[in-house]
Amino acid sequence: MRKALPLAVVLVLVAAPATAQAPLERAKALELDTPYVPPPGDPLEHHASGFAKIMCSAVFITGLSPDFAAENVGFFTGPYPERARLGKPVVDRTAKAVHVTLPSGVRRTARHLGDQGCVTLPLGADSASFRPIRVRSRLPDPSTQPWPMGDALPRAQPPGELDAAKVKQAIDAAFEPATGMTAAFVVTWKGRLIAERYGDGISAQTPLESWSMGKSVTASLMGVLVRQGVYDLWQPAPIPEWQGAGDPRAKIRIADLLRMSSGLRIRAPQDPDYAPSGPYPDHVYLYTGGINAFQYAATRPLQWPPGTVGRYRNTDPVLVNYLVRLGVERRGEEYLSFPQRALFDKIGIRTMVLETDPYGNFLAQGYELASGRDWARLGNLYLQDGVWNGERILPEGYVRFVSTLAPAWAADHRPVYGGFFWLNGDGGFPVPREAYYMAGAGGQFALVIPSHDLVVVRLGHYRGGAAGSYALGKALALLMQAVPRRS
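Caption draft 1: Representation of the sheet that holds strand E7 (residues 208–209) in the model. The antiparallel open sheet is built from three strands, whose spatial order is E7-E9-E8. Both outer strands of the open sheet, E7 and strand E8 (353–354), are each paired with one neighbouring strand and no more. Taken together, the two bridges between E8 and strand E9 (residues 368–370) define a ladder with antiparallel strand orientation. Paired with Leu354 across the strands is Glu368, a residue of E9.

Below you can see the structure in the form of structure tokens.
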């Protein structure tokens, strides 16, 4: 009998968690009397917008063929069943744009804007409302630098305490069956890269769809700013829209946002009481609307008192990204290059592309792409308690914060969420419960397993998400046999 998938896997694969009556009753008892106003626009237009952007990123960033991408990637904002209702995407390689037309004749467009990736344009617009910039890494050619700052690997065999045969079995298991469509599998032990394999046409440098793993990047950027003294986790979040007299949202702390417990009112497919027949969910509209996502998220009312109910909703990471922009620009620094210079360059990341809305706001709640090796680098920053090559990048105690069960989720007896990281608190993965991980739709994972000094990354094409996630579970079980516990 197959072991049940962890809750996070269920959420990102099918976007419909099993309902739990007690949490729903508790949430109902705490609910505030505020209105819900659904996103404007035609849902099919939003699906077309998402489809255009997915195709744009797949073709111009990952390098996939349009036909393959249309059949296999990015079903979260461009659902596969809805694609049949839309015209075939038109890929304009000269203009680096993708157009998707509805039966009504309405056309949605996504355009590749260089280092800001692919951006969904507002309905009827042919350009974004910000000036793209070139983001230059200060890092040298990775082939000339040893891992992890570069891609040159040691020639020496891995240490003898590893069971090399079991490691190989784990790699094979991660790619079986072929329907899992695993694209990248990377394993590091004590920071050393001990195993990796890639799917057809994918290399160690290929940026792949990663989805909500970007929330953990968002946590990292906030951690950098906390380390630099710009913010404190426990301060009320200084969102400008909340500073009016008597605004109850002014009590939302930065920690509440990171813990997915702001209490802001939107609809998300991951809500326990979500009904697919209802209005188009704001959680997805923040990707597809072609709007100022920061402003939209900041103008949502409270549904619950801050810090009381845990809900997986994109308002919270969007608003942390808003704070990142505010904090960086108030210091007079350039915002779009901040992640590269303040975080990525410090830990050897070269392939990460953080995409934006048409106003130049990072949509790092899930619109980002990176290679398997770069996700492993980020995982190792956490495995090393936020320290890299002797430099503290994340503040002391920050890794413990993101990997500790959020109180609002504990109150619902859902031991699966920390601070923009998922927790293995329900034992859904066959690894110790202390493990925590980045997770994204379609079977994207980067697990940090401190007890075994392991970071394990699995990325795959969306269509294979369910089978690929089960394959990851089998691979992890083999790695637990192959790698000794930390002494």
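Text resumes after the structure shown.
Caption draft 2: Quick look at the packing of aromatic side chains. This model, assessed by the stated rule, comprises 23 aromatic pairs. Between Trp211 and Tyr462 the ring centres are 6.4 Å apart and the planes differ by 85 degrees, which places this aromatic pair in the edge-to-face class. Remark: Tyr462 occurs in the loop between strand E15 (454–460) and helix H16 (465–482) and Trp211 occurs in the loop between E7 and helix H7 (214–227); sequence separation between them is 251 residues. Neither Trp211 nor Tyr462 differs from the other in exposure class; each is buried. Following the ring pairs from residue to residue traces out a cluster consisting of Phe75, Phe76, Tyr80, Trp211, Tyr287, Tyr367 and Tyr462. Lying over the aromatic face of Tyr367, Lys53 brings its terminal NZ or CZ to 3.9 Å of the ring centre. Here Arg463 stacks its cationic end above the ring of Tyr80, 4.5 Å away from the centre of that ring.

Caption draft 3: Representation of the state of the cysteines within the structure. Enumeration according to the criterion identifies one disulfide in this entry. Each sulfur in the disulfide pair Cys56 and Cys118 lies 2.1 Å from the other. Disulfide Cys56-Cys118: the torsion about the S-S bond is -75 degrees, which places it as left-handed. Here Cys118 lies in strand E4 (residues 118–120) and Cys56 lies in helix H3 (residues 43–62), a separation of 62 residues in the sequence.

Caption draft 4: Main features of the side chain of His112. For His112, the position within the fold is in strand E3 (residues 107–112). Polar side-chain contacts of His112 include one of 3.4 Å to the backbone oxygen of Gly114. Beyond its immediate chain neighbours, meaning those up to four positions away, His112 contacts Cys56, Phe60, Ile61, Lys96, Gly117 and Cys118.

Caption draft 5: Looking closely at unusual backbone geometry. Here the residue pair Trp147 and Pro148 is connected by a cis peptide bond, since its omega of 10 degrees sits within 30 degrees of zero. Mapped onto the secondary structure, Pro148 falls in the loop between E4 and helix H6 (164–174). Omega for the bond connecting Glu176 with Pro177 falls within 30 degrees of zero, at 0 degrees, which places this linkage in the cis form. Position of Pro177 relative to the elements: it lies in the loop between H6 and strand E5 (182–189). You will see that Met181, though not glycine, has its phi angle at about 50 degrees, which is positive. Considering the arrangement of structural elements, one finds Met181 in the loop between H6 and E5. Even without being glycine, His413 reaches a positive phi, approximately 60 degrees. Among the structural elements, His413 can be located in the loop between helix H15 (407–411) and strand E12 (422–423).

Caption draft 6: View of the confidence of the model for the chain. When pLDDT is averaged along the chain, the result is 95, and 96% of the positions lie at 70 or above. Here residues 1–19 is a poorly scored stretch, pLDDT under 50, and it has 46 contacts once near neighbours within four places are set aside; other chains count.

Caption draft 7: Summary view of H7. Across its 14 residues, H7 extends 20 Å between first and last C-alpha, which sits within 8% of the 20 Å expected from 1.5 Å per residue. For H7, the tally of buried residues reaches 13 of 14 residues, placing the bulk of the element in the interior. One or two residues past the end of H7 sits Gly229, with phi positive at roughly 85 degrees.

Caption draft 8: Geometry of the pattern of salt bridges. In this structure the tally under the stated criterion is 23 salt bridges. With a closest N to O distance of 2.8 Å, Arg249 and Asp247 form a salt bridge. By relative accessible area, which is 16% here, Asp247 ends up buried. A network of salt bridges, in which partner residues are shared, links Asp151, Glu196, Arg373, Asp374 and Arg377.

Caption draft 9: Examining empty space enclosed by the protein more closely. Scanning the model with the defined rule gives six cavities of 30 Å³ or more in all. Of the voids in this model, the largest cavity is the one considered here, and its volume is about 140 Å³. Those elements that provide at least two residues to the lining of the largest cavity are H3, E7 and E9. In terms of residue count, the dominant contributor to the lining of the largest cavity is H3 (five residues). Of the residues that constitute the lining of the largest cavity, the class distribution is eight nonpolar, six polar and four charged.

Caption draft 10: Expanded view of the sheet that holds E3. If you trace the four strands from one edge of the open sheet to the other, you get E1-E2-E3-E4, paired in antiparallel fashion. At either end of the open sheet lies a strand with only one pairing partner, and these are strand E1 (90–92) and E4. Going from strand to strand, the sheet's axes swing by 20 degrees on average, the running direction of each strand aside. Where E1 meets strand E2 (residues 97–101), three bridges bridge the pair, whose relative direction is antiparallel. In the sheet register, Val91 faces E2, and the bridge partner there is Val98. Those strands touched by H3 are E1, E2, E3 and E4, and its axis lies near 25 degrees from that of E3.

Scoring rules and cut-offs
Residues numbered from 1 in each chain as written. Predicted model: local features only at pLDDT ≥ 70, side-chain atom pairs only at ≥ 80, totals over all residues. Heavy atoms only, no water. Pairing = 2+ DSSP bridges. Helix = DSSP H or I, 4+ residues; strand = E, 2+ residues; numbered from the N terminus. Phe/Tyr/Trp six-rings, centres within 6.5 Å; stacked < 30°, edge-to-face > 60°. Buried < 20%, exposed > 50% of the residue type's maximum accessible area, 1.4 Å probe, protein only. Lys NZ or Arg CZ within 6 Å of the ring centre and 35° of its normal. Disulfide = S-S within 2.5 Å. Polar contact = N/O pair within 3.5 Å; in protein donor to acceptor, adjacent residues only side chain to side chain. Contact = heavy atoms within 4.5 Å. pLDDT = per-residue confidence, 0-100. Expected span 1.5 Å × (residues − 1). Salt bridge = Lys/Arg side-chain N within 4 Å of Asp/Glu carboxyl O. 1 Å grid on protein atoms, 1.4 Å probe; cavity = no way out; pocket = protein on both sides within 12 Å on 5 of 7 lines; lining within 4 Å. Points joined across faces, edges and corners; volume = space filled by probe spheres on them. Nonpolar A, V, L, I, M, F, W, Y, C, P; charged D, E, K, R; others polar. Axes fitted to C-alpha atoms, helices over the stretch in contact; angles between N-to-C directions.

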